[in-house]
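# Examining the three-dimensional arrangement
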Amino acid sequence: MANMSLKKNPMPAQAPDERNKNFYEVTFGYTAETAMDEARRCLHCKTKPCMGGCPVHIRIPDFIAKVAEGDFEGAYRIIQESSSLPAVCGRVCPQETQCEQKCVRGVKGEPVAIGRLERFVADWHNANSCDLPVKAEPNGHKVAVVGSGPAGLTCAGDLAKRGYAVTVFEALHLAGGVLVYGIPEFRLPKAIVQKEVDNLVALGVKIETNMVIGRVLSVDELMQEYGFEAVFIGSGAGLPRFMNIPGENLKSVYSANEFLTRVNLMKAYKEDSRTPVLRAKRVCVVGGGNVAMDAARCAKRLGAEEVYIVYRRSRAELPARAEEVEHAEEEGIVFKFLTNPVAILEGENGMAAGMTCVEMELGEPDASGRRRPVVKEGSEFTIGCDAVIMALGTSPNPLIKNTTEGLQTQKWGGIVADEAGQTSREGVFAGGDAVTGAATVILAMGAGKSAAEAIDRYIRGKEENK
Amino acid sequence: MYKIVKKRELNPTVTLMEVEAPFIARKAEPGQFIILRVDEEGERIPLTIADFDRDKGTVTIIFQIVGGTTERLNHLPEGGFIHDFVGPLGEPSHTEGLKKVAVVGGGVGCAIAYPVAKKLHAQGAEVHSVVGFRSRALVILEEEFKGVSDLFKMMTDDGSYGEKGLVTDALKALIQAGNSYDEVIAIGPVVMMKFVSLLTKQYGIKTVVSMNPIMIDGTGMCGCCRLTVAGQTKFACVDGPDFDGHEVDYDEILKRASTYKEFEGKEREKACNLFKKADGLQNG
């Protein structure tokens, strides 16, 4: 019997006033009973619109049916066919614009909580199953993956399952890319990322950390000297963007990448951390994406009394995941919409003392289809703050572009690749933020998955033509 | 893990380590740097490559003990291991086409200036080296510099060795004596690089300085190492570390470098106490 409740089962969470002082995960996840109850809200429509909204096409109604039956391991196996990182995606995917947006139950009431169910299934598997991933029979072919973020890990996993000998090259000392340096512990516990990486290693994937491709080895060397038949570039987003306004290089002005890397990768939130981070009392975060939300919520947890999100458009245009905005507001983050900084003021010792802003109005839609913000004349005002975090996106890292001859890039630096990930160089594939510019974890995973298929076709094609 | 094959104390606060890192040794060029973590809990710090041996597969670093991390690094023995060692990072120094160059090194910056002087010498350029230290006890790499220099000037602040005075005094004298340099390469404390650049600007001599700001990833991701060059924001890790000395905003760099001074002092104290305690346990 279907559960006809118009509302999703709520997911228990730490109280806002408590969680904004610690780095433990915000939400606790469903219990088995709640998960089964929620799963019964699925109507199992014939057309399966939800699957069309999923960048990796998880067989959503099928896994939900298994959850409803209480066969959680069966549900996990279905998700695993399509997704290498279910525990991650259940937490960080923008479901409201993907699978859940297409859910028929959303027409009248709330959609089925697909993301929460995915998370439940993955967590249940990680806690209860001791099945080790089964190594595929080696097919004798070698593939290199550059970058161990969501695109690289997915591509590596899919290739390893097909029998390829895969080596992942990571520039940092730890695998995971944005999942470890960017997304905070309270939203995506690092133990979960490590578990996913361990699963890949169990599948036979080799991970080489401290290897900056483009410096220590070039893509050409990987192919010519080390015998990799194909290379996947998933090197991710690159240098942070700034606004070029006065005061941007003051001591207490961070890029979100720097602030989050200090806090997440280097664990500066822990008292005994050897990597420092400034603990400001009043913080302005500039930007409206997930990264801005993460930075603001970290600043709050580090003890800031006032944290502002300064965004030049209105609430409707916020690119962040709905749940993150909601959580941020609950935790006391103050949103300053239609506000744009024009200068950061210098206080004592080269620290920031405030940010001068102007009010904005929304004009005609721009190239992105969103209404373009225009400055309201004479609206200048100042927000007092002692630190500023710029979360304005990134431009691609130039290292691989500059050292790989014949690799075409866009004017703004992104690598040119087709839907399957094929670049202008034979045997070289790319996907994720390195191709699209800053986007989401799941889109990067989708790109890694398509590229794995394309690499498999490419190598098998070469084999057959021998 | 990266093995320390040789460790040598150059002076009481400066140590040389030769580290097994064959991949980096194959590609390293003067002017580039590495990032290391001493152990699993360590912070990431950048250190410029002082030398490399492609055949042996080793990279040499020379560091001054200034904070907790360098204190811990200095405590690792020969034969011990550094947890993470990544590079070569940054753009190599440009030496092509240079025929006559003044290389100015200050303090531990000489460790970075030396490989550049060596490369220039190897390519047949006339190298005039001017090195400066606070006092005789802090002098490093004297013989090495002499071996690659057509002219060598030693300066100390207190006159305890070489000539008393600043590197800028010696450089000015050389320029006034009629030496015409294609380029001046200055590597040392920010203040020294600033004053060398102010001097050479008067004479219109192209000057290159090497920046060593605070970094985290060092690969072009975090943006911590940004500085202003000719009014534009640049990133030392991918655009540098070498920049046009006449265009760099030194005052901004000095401010940014002091961001965590208090923390660094405490960290060093913590590291020192830890080692004292450990030594005490061993000896007691």
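Thresholds applied
Residues numbered from 1 in each chain as written. Chains lettered and ligands numbered in written order. Predicted model: local features only at pLDDT ≥ 70, side-chain atom pairs only at ≥ 80, totals over all residues. Heavy atoms only, no water. Helix = DSSP H or I, 4+ residues; strand = E, 2+ residues; numbered from the N terminus. Rg over C-alpha atoms; globule rule 2.2 N^0.38 Å. Buried < 20%, exposed > 50% of the residue type's maximum accessible area, 1.4 Å probe, protein only. Contact = heavy atoms within 4.5 Å. Areas by Shrake-Rupley, 256 points an atom, 1.4 Å probe, with all protein chains shown as cover. Lys, Arg positive; Asp, Glu negative; His and termini not counted. Charge placed at Lys NZ, Arg CZ, Asp CG, Glu CD. Pairing = 2+ DSSP bridges. Buried area = accessible area lost by both parts, 1.4 Å probe. Salt bridge = Lys/Arg side-chain N within 4 Å of Asp/Glu carboxyl O. Polar contact = N/O pair within 3.5 Å; in protein donor to acceptor, adjacent residues only side chain to side chain. Patch = residues over 30% accessible without salt bridge, like charges linked within 9 Å, V, L, I, M, F, W, Y side chains within 5 Å. Domains from an automatic or database assignment. Phe/Tyr/Trp six-rings, centres within 6.5 Å; stacked < 30°, edge-to-face > 60°. Lys NZ or Arg CZ within 6 Å of the ring centre and 35° of its normal. Axes fitted to C-alpha atoms, helices over the stretch in contact; angles between N-to-C directions.

## Here we look at the overall build of chain A
- Tallying secondary structure elements over chain A gives 18 helices and 16 strands in all.
- A globule of 466 residues ought to have a C-alpha radius of gyration of about 23 Å, and chain A, at 23 Å, matches this closely.
- Principal-axis analysis of the C-alpha atoms places the extent of chain A at approximately 70 × 60 × 50 Å.
- Looking at chain A as a whole, 59% of its 466 residues are labelled buried.
- Taking as baseline every contact in chain A between residues at least 6 positions apart, the subset at least 24 positions apart corresponds to 70%.
- Accessible surface, chain A as shown: approximately 18,800 Å² in total, 51% of it carbon and sulfur.
- Distance from the positive charge centre (55 side chains) to the negative charge centre (60 side chains) of chain A: 2 Å.

## What to know about the sheet that holds strand 8 (residues 100-106) of chain B
All names here are of chain B.
- A sheet is described by the order of its strands in space; here 7 strands give the open sequence 11-10-9-8-12-13-16, paired in mixed fashion. Two strands in the sheet have a free side with no partner beyond their single neighbour: strand 11 (163-164) and strand 16 (242-244).
- Where strand 12 (residues 183-187) lies against strand 13 (residues 207-210), 3 bridges are found, and the strand directions are parallel. Among the inter-strand pairings, alanine 186 is bridged to a residue of strand 13, identified as valine 209.

## Points about the interface of chain A and chain B
- Of the residues lining the interface, 41 residues belong to chain A; the matching set on chain B comes to 45 residues.
- When residues of chain A are sorted by the area they lose upon contact with chain B, Arg215, Asn249 and Arg274 of chain A head the list and together hold 25% of the total.
- Here chain A and chain B share 6 salt bridges between them.
- Close ionic contact of arginine 26 of chain B with glutamate 225 of chain A constitutes a salt bridge, the shortest N to O distance being 3.2 Å.
- Counting every contact that joins chain A to chain B gives 27 residue pairs in polar contact (both at pLDDT 80 or more).

## A word on a negative patch on the surface
- Residues Glu271 and Asp272 of chain A together with Glu40 and Glu41 of chain B make up a contiguous surface patch of negative charge.
- On the secondary structure map, glutamate 40 of chain B appears in the loop between strand 3 (33-37) and strand 4 (45-53).

## Digging into the pattern of salt bridges
- All told, the structure shown has 49 salt bridges over all chains when counted by the stated rule.
- Arginine 26 of chain B is paired through a salt bridge with glutamate 221 of chain A; the nearest N and O atoms lie 3.2 Å apart. Pair noted here: arginine 26 of chain B is in helix 1 (residues 22-27) and glutamate 221 of chain A is in helix 12 (residues 219-224), and the two residues belong to different chains.
- The class for arginine 26 of chain B is partly exposed, based on a relative accessible area of 33%.
- A salt bridge links glutamate 331 of chain A to arginine 297 of chain A, with the nearest nitrogen and oxygen atoms 3.0 Å apart. Taken together, the residues span a long stretch of sequence, with glutamate 331 of chain A in the loop between helix 15 (322-330) and strand 9 (334-336) and arginine 297 of chain A in helix 14 (residues 290-301) at a distance of 34 residues.
- For arginine 297 of chain A, a relative accessible area of 1% gives the class buried.

## Comments concerning the domain arrangement of chain A
All names here are of chain A.
- Structurally, chain A comprises domain 1 (16-128), domain 2 (142-238 + 395-464) and domain 3 (242-392).
- Its C-alpha centre places domain 1 at a distance of 26 Å from the equivalent point of domain 2.
- In this complex, domain 1 contributes 23 residues to the contact, which on the side of domain 2 involves 22 residues.
- Summed over both partners, the interface of domain 1 with domain 2 buries about 2,000 Å², with 69% contributed by carbon and sulfur atoms.
- If you look at where domain 1 meets domain 2, you find 0 salt bridges.
- Our enumeration of links across domain 1 and domain 2 arrives at 5 residue pairs in polar contact (both at pLDDT 80 or more).
- Counting only elements with at least two residues in the side of domain 1 that touches domain 2, the list comes to helix 5 (72-82), helix 6 (86-92) and helix 8 (114-128).
- At 6 residues, the largest contribution of residues to the side of domain 1 that touches domain 2 is made by helix 6.

## What to know about the packing of aromatic side chains
Residues and elements named next belong to chain A.
- On inspection of all chains with the given rule, the structure shows 12 aromatic pairs over all chains.
- Residues phenylalanine 169 and phenylalanine 228 carry aromatic rings whose centres are separated by 6.0 Å and whose planes lie at 85° to one another, so their mutual orientation is edge-to-face. Here phenylalanine 228 lies in the loop between helix 12 and strand 4 (230-233) and phenylalanine 169 lies in strand 2 (residues 165-169), a separation of 59 residues in the sequence. Like phenylalanine 228, phenylalanine 169 is buried.
- Feature note: the residues Phe23, Phe186 and Tyr269 constitute an aromatic cluster, connected by ring pairs.
- Here lysine 142 stacks its cationic end above the ring of phenylalanine 228, 4.6 Å away from the centre of that ring.
- For arginine 301, the ring lying beneath its charged end belongs to phenylalanine 186, and the centroid distance is 3.7 Å.

## Focus on the sheet that holds strand 1 (residues 142-146) of chain A
All names here are of chain A.
- Strand order in this open sheet of 5 strands is 3-2-1-4-16, and the pairing throughout is parallel. Only two strands of the sheet have a single neighbouring strand rather than two, namely strand 3 (206-208) and strand 16 (428-430). Adjacent strand axes in the sheet meet at a mean angle of 20°, parallel and antiparallel pairs treated alike.
- For strand 1 and strand 4, the ladder comprises 4 bridges, and the chain directions are parallel. Considered in strand 4, the bridge of valine 145 is made with phenylalanine 232.
- Lying on the sheet, helix 9 (residues 150-161) is in contact with strand 1, strand 2 and strand 4; it crosses strand 2 at an angle near 165°.

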